[in-house]
Amino acid sequence: MSKTITLLDFIDDEMLRAPMTIDQVTDAVLDQWRVRMPARARADADPVRLLTQHRGDLVTQALTTLRSSALADLKLLSSQAANPARSSTDTSYQSMPLSLIGEDDVALDIEIARCTENVKIKAEIALRELQTFTSALVNDLNVSRDTNPFRPERFVRALWSGVLKLPMSSALKAAYLRDASDPLAIALRRAYTAACQRLEEQGVTPASYRTIVVNGNAGWGASISRYQPPEDLHKLRDSMPGSLDALAPVTVIGPMDTTARAIASLPLPPAASSGLPTLPVTPDAAGAAPDPQLIELLARLFEAIQNDFALSPDTVALLMRLQPTALRVALQDPSLLDRYDHALWRFIDQLAHDIEASPPAHRLRMLGLGRNLIDHLAQAESRESRGFGWALERLLAAQRQALNQAVTAAAADIVKLERIAKAESAPTTRTMPLDIAHLDTVPADLMDSTAGSASRDGSADTQTVSPEGVPQGATFRIYLQGDWRTVHALWQDAHHDYVLLGEQAGEQRWAMHQRALARLLSEGLAHRFHVRSLVRRAAEKVLRAL
């Protein structure tokens, strides 16, 4: 009888082979350094000799970190199997001392992120295949989560923890990680492929996974779209088909108000046959039939929102409940088609943004708030758009309340940062009077070069964030200390040198130099959340489908 392979057996087996992988990477770095010496500090007399002498310490520390992270994953997966309702992000945050993250710390995070991304790209196929096997070991047959305890980011972090044991300068440690990127990608690709073969020989059947194939014309993240959305929705409405004679009548179930009774026999637009909700349509005050092109346009817009892959299924299901109310308002308020910043569209955009940006611990509460607002709008007697303005204000008020609570909880950290900013602020000549006589004797070309150098010594980096710094409440998706996190700006000093970031999901907070944040933004490791227009994107998709 064959033994059943578990994830712990896989971890023990791979840990026996991990020293060989780390040795291969170190040998490759040594070969590069023997050919071309990396940039180093004066204290680093001979990098090759230092790395050769202390490679044992590097391997030992890297293996210790790698095993501890793998066992932590095993413990987390076991707890999730025992309690499936518990999310993987529902971890208890420990109170950590507040430390100031500077440009040097960010530079190391950038090197770690680059190395991790390089491994993911070059070992992508083997990594996906191994994930199907590890998912089978934990009975996750749909590959709904990352179950590989030796995924690239964990291996890179383990290797970096070993590099920290080397008696080298920070520049030389970063050079090691930079030169180890390609050798590590090759070594891990071979290790992942060999692990898949061993698991298959041991009788492990891989789990199934789905691959989404994207049309080559729609490059993800492209800055230029093939089709530009129209300035308003009027021209798009005129392009809709207007003949609805061959369609079945609407079937209205349940209690109906005067409006619903008047339109019970009206035809249904073609898009409604594709699974979209049945829409109550009202004639105007003169008794004329409703505009069929308007009905068709709104149906197609909501259908495009429904097929937006950037939205989660629960967000889409909530937004679809707005479709009957949106059509009811559109027939009474023609300005709905005049601009994309109508109260209805702004409410939809803000609701989707708040749900998608909220952490899992607060997601259910945000969904509940949105459901209550939508139900209130659906039951309201008024057919005007003022109700959506009221609902939008409720969303913004909830956002402000959560921000105020977070700022209040961070009061002690803000006081510390204010002291640091005051102590480290150097005296400037900003408020001193100017000597016009001396300024007149300075050549113009010299003044231009001086101004240019002044903008290069730091202010230009801050300009990449914003001339006014980071506004309170700004939300970022940022790579900090080896993980992607969603954080909010809680505070900044008067001179815009420091910023305090906090996670909404827990009590963890980070203090950063704004130059460090600007560096992350320029490297693509930090992204500012903005409320995007869903109806504008939907209009572009509808235009493309015509």
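Residues numbered from 1 in each chain as written. Predicted model: local features only at pLDDT ≥ 70, side-chain atom pairs only at ≥ 80, totals over all residues. Heavy atoms only, no water.

*Asks:* What's the story with the side chain of Gln350 in this structure? I'm lost.
*Replies:* Mapped onto the elements, Gln350 comes out in helix α14 (residues 343-357). The contacts of Gln350, once residues within four sequence positions are left out, are Leu392, Leu395, Leu396, Gln399 and Val531. (Helix = DSSP H or I, 4+ residues; strand = E, 2+ residues; numbered from the N terminus. Contact = heavy atoms within 4.5 Å.)

*Asks:* I keep staring at the pattern of salt bridges and nothing clicks. Help me out?
*Replies:* Two side chains with opposite charge may pair up if their charged atoms get near one another. According to the stated counting rule, one finds 28 salt bridges in the structure shown. Lys122 is the salt-bridge partner of Asp182, the closest N and O atoms lying 2.7 Å from each other. Taken as a pair, Asp182 in helix α8 (residues 181-201) and Lys122 in helix α4 (residues 103-122) lie far apart in primary sequence, 60 residues in all. According to the relative accessible area criterion, Asp182 is partly exposed, its value standing at 38%. (Salt bridge = Lys/Arg side-chain N within 4 Å of Asp/Glu carboxyl O. Buried < 20%, exposed > 50% of the residue type's maximum accessible area, 1.4 Å probe, protein only.)

*Asks:* I'm lost on the environment of Asp73 in this one. Help?
*Replies:* Along the chain, Asp73 turns up in helix α3 (residues 55-82). According to the relative accessible area criterion, Asp73 is buried, its value standing at 9%. Taking the C-alpha atoms as reference points, Asp73 and Pro149, separated by 76 residues in sequence, lie 6.2 Å from one another. Not counting residues up to four positions away in its chain, the partners in contact with Asp73 are Asn148, Pro149, Arg151 and Arg154.

*Asks:* I'm lost on the nonpolar core in this one. Help?
*Replies:* Nonpolar side chains tend toward joint burial in soluble globular proteins. Core analysis: the largest hydrophobic core is formed by 73 residues, its most contacted members being Leu51, Leu159, Tyr176, Leu184, Ile478, Met512 and Leu520. Tallying contributions element by element places helix α1 (residues 7-35) first for this core, with ten residues. Ignoring anything within four residues of it in the chain, the contact list for Leu51 reads Thr26, Val29, Leu30, Trp33, Leu58, Leu166, Met168 and Tyr176. Counting 46 residues, the second largest nonpolar core, distinct from the first, contains Leu297, Ile305, Leu322 and Leu336. (Core = buried A, V, L, I, M, F, W, Y, C linked by side-chain atoms within 4.5 Å.)

*Asks:* Sorry if this is basic, but what is going on with the packing of helix α11 (residues 292-306) against helix α12 (residues 313-320) here?
*Replies:* The description of two helices packed together rests on the angle between their axes and the distance between the axes. With their axes 9 Å apart at the nearest point, α11 and α12 run at an angle of 165 degrees to one another. As far as their axial angle goes, α12 and α11 are roughly antiparallel. Judged by the twist between their axes, the crossing of α11 over α12 is right-handed. The residues of α12 that touch α11, namely those facing Phe302, Ile305 and Gln306, are Val316, Leu319 and Met320. (Axes fitted to C-alpha atoms, helices over the stretch in contact; angles between N-to-C directions. Parallel < 35°, antiparallel > 145°, perpendicular 65-115°, else oblique. Left-handed = near helix turned anticlockwise from the far one by under 90°.)

*Asks:* Any chance you could explain the environment of Asp27 here in plain terms?
*Replies:* Within the secondary structure, Asp27 is located in helix α1. Here the alpha-carbon distance between Asp27 and Arg55, two residues 28 residues apart in the chain, equals 9.8 Å.

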